[in-house]
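In case you want the letters, here they are:
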2 protein chains.
Amino acid sequence: MRYPTTIQNLIECFNHLPGIGEKTAERLALATLSFDEETLSVFAKSLKDVKTKVKRCTRCNNYAEEELCEICKDKGRDSKILCVVENPKNIMLFEKLETFHGYYHVIDGLISPLDGINPEDIHIPQLIDRIKKEKIEEVILALKPSVEGETTSLYISKLLSKTNVLVSKIAHGVPLGAEMDYVDSLTLELALENRKKLSESD
Amino acid sequence: MRYPTTIQNLIECFNHLPGIGEKTAERLALATLSFDEETLSVFAKSLKDVKTKVKRCTRCNNYAEEELCEICKDKGRDSKILCVVENPKNIMLFEKLETFHGYYHVIDGLISPLDGINPEDIHIPQLIDRIKKEKIEEVILALKPSVEGETTSLYISKLLSKTNVLVSKIAHGVPLGAEMDYVDSLTLELALENRKKLSESD
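Because the structure is a prediction, the values reported are computed rather than measured. (Residues numbered from 1 in each chain as written. Chains lettered and ligands numbered in written order. Predicted model: local features only at pLDDT ≥ 70, side-chain atom pairs only at ≥ 80, totals over all residues. Heavy atoms only, no water.)

Enquirer: What is the right way to look at the overall build of chain A in this model?
Expert: Check the secondary structure of chain A and you find eight helices and six strands. For chain A, the succession of helices and strands along the chain, N to C, is α-α-α-β-β-α-β-α-β-α-β-α-β-α. Compactness check: chain A gives a C-alpha radius of gyration of 22 Å against a globular reference of 17 Å for 202 residues, more than 25% above the reference. Taken along its principal axes, the extent of the C-alpha atoms in chain A is 75 × 45 × 40 Å. The buried share of chain A, taken over its 202 residues, is 42%. Put simply, of all contacts in chain A between residues at least 6 apart along the chain, 47% involve residues at least 24 apart. Accessible surface computed for chain A: about 12200 Å², of which carbon and sulfur atoms make up 53%. Distance between charge centres in chain A, computed from 27 positive and 33 negative side chains, equals 5 Å. (Helix = DSSP H or I, 4+ residues; strand = E, 2+ residues; numbered from the N terminus. Rg over C-alpha atoms; globule rule 2.2 N^0.38 Å. Buried < 20%, exposed > 50% of the residue type's maximum accessible area, 1.4 Å probe, protein only. Contact = heavy atoms within 4.5 Å. Areas by Shrake-Rupley, 256 points an atom, 1.4 Å probe, with all protein chains shown as cover. Lys, Arg positive; Asp, Glu negative; His and termini not counted. Charge placed at Lys NZ, Arg CZ, Asp CG, Glu CD.)

Enquirer: Would you take a moment to explain a nonpolar patch on the surface for this structure?
Expert: All names here are of chain A. A cluster of nonpolar side chains, contributed by Val174, Met180 and Leu188, occupies part of the molecular surface with about 240 Å² of accessible area. Mapped onto the fold, Val174 is located in the loop between strand E6 (166-169) and helix H8 (185-193). According to the relative accessible area criterion, Val174 is partly exposed, its value standing at 30%. (Patch = residues over 30% accessible without salt bridge, like charges linked within 9 Å, V, L, I, M, F, W, Y side chains within 5 Å. Salt bridge = Lys/Arg side-chain N within 4 Å of Asp/Glu carboxyl O.)

Enquirer: What's the story with the interface of chain B and chain A in this structure? I'm lost.
Expert: Frequently, the measure chosen for interface size is the accessible area removed from exposure when the parts meet. Taken together, the contact between chain B and chain A spans 49 residues of the former and 50 residues of the latter. Taken together, the two surfaces of chain B and chain A that pack against each other cover about 5100 Å², and 75% of this comes from carbon and sulfur. Counting the contacts that link chain B with chain A gives two salt bridges. Between A:Lys96 and B:Glu26 there is a salt bridge, with its nearest N and O atoms 4.0 Å apart. Summed over the shared surface of chain B and chain A, the result is eight residue pairs in polar contact (both at pLDDT 80 or more). Within the residue set of the side of chain B that touches chain A, elements represented by two or more residues are helix H1 (5-16), helix H2 (22-32), helix H3 (37-53), strand E2 (63-64), helix H4 (70-73) and helix H5 (88-97) of chain B. Its residues placed into classes, the side of chain B that touches chain A shows 26 nonpolar, nine polar and 14 charged. (Buried area = accessible area lost by both parts, 1.4 Å probe. Polar contact = N/O pair within 3.5 Å; in protein donor to acceptor, adjacent residues only side chain to side chain. Nonpolar A, V, L, I, M, F, W, Y, C, P; charged D, E, K, R; others polar.)

Enquirer: Quick question: what am I supposed to make of the environment of A:Lys45 here?
Expert: All names here are of chain A. Mapped onto the secondary structure, Lys45 falls in helix H3 (residues 37-53). What makes Lys45 partly exposed here is its relative accessible area of 46%. Taking the C-alpha atoms as reference points, Lys45 and Glu66, separated by 21 residues in sequence, lie 18 Å from one another.

Structure follows, in structure tokens:
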């Protein structure tokens, strides 16, 4: 015996989502039975719209429903500083801090020759063009601290080395609140290398 | 900065689901962006249909899209045996075993005087009527081994004590594969009480 088609379809759709196994999918599908009609209709409509309405900002590649995303439409930001991130989700992380007031550029991937991903496959040429066109003065690279992330950061900084653009990279080190026992050796090595002077002379 | 409305709505809808926090909701909503159009349209349609198409079987209260559920429509089952379960999800558990071939009755809740749930609030009168009308010979109570479950089982068995219906309850004891150290004392007590003779005389 299987559930009625509608429930069975819902289970399969939930099961398509990352990290949602069969049992969880069943639980979630059955939970929608007790949703109110309004939530269900918003849920259904949003799923229908997600492919058609959600586009990428033509300037920074962030998610947008219009030509420009909310951040690019905001004229009150510092147009001299650009933070380079891997994907639109990363923008949200920085926005939650409420301390960064420049603009962003999403490159949508990282250079990875092993996976056949070259600089042209991600938005690096577009990034360089934008930096020149918008006369950006500082570029902050906020990419993942992995081999691919480091390669991409190095590549971008090399491309910009002959310009007057100041290129920096977010700091890597021991995260706050971490148990020293559990910090991996590579992170510890980086933390040691990038140590900060605390003496008065500083 | 927030995500575009469509994504924001999706995050809120996923967040409505049980066990899905804000971060997971965000991850799931973004994952739908890479779904193919067909899956998205099935997903959206099923959510829209779930309130209107999914009803309860008029005979056993299982989920159904027609008057009777798939199990009640199946004439090849043993019409003398009825398994009483708390909710439609429990039916699936028994169906997966493929060893039970009787019919089911969903009572949709358990008696709980503290929560104000009386026998009339769940489908017990309907169950008793059905047992009489369909001339059921054996009733298997498969309710949760909690205070409420035991109360409900006791109540149903008392109602049927003056009839010729054989009433049984599924066995409670140590589950297979369990570490003895972790079995709670109430389960152990039940397991001891319901011990089975292994001697030849049996």
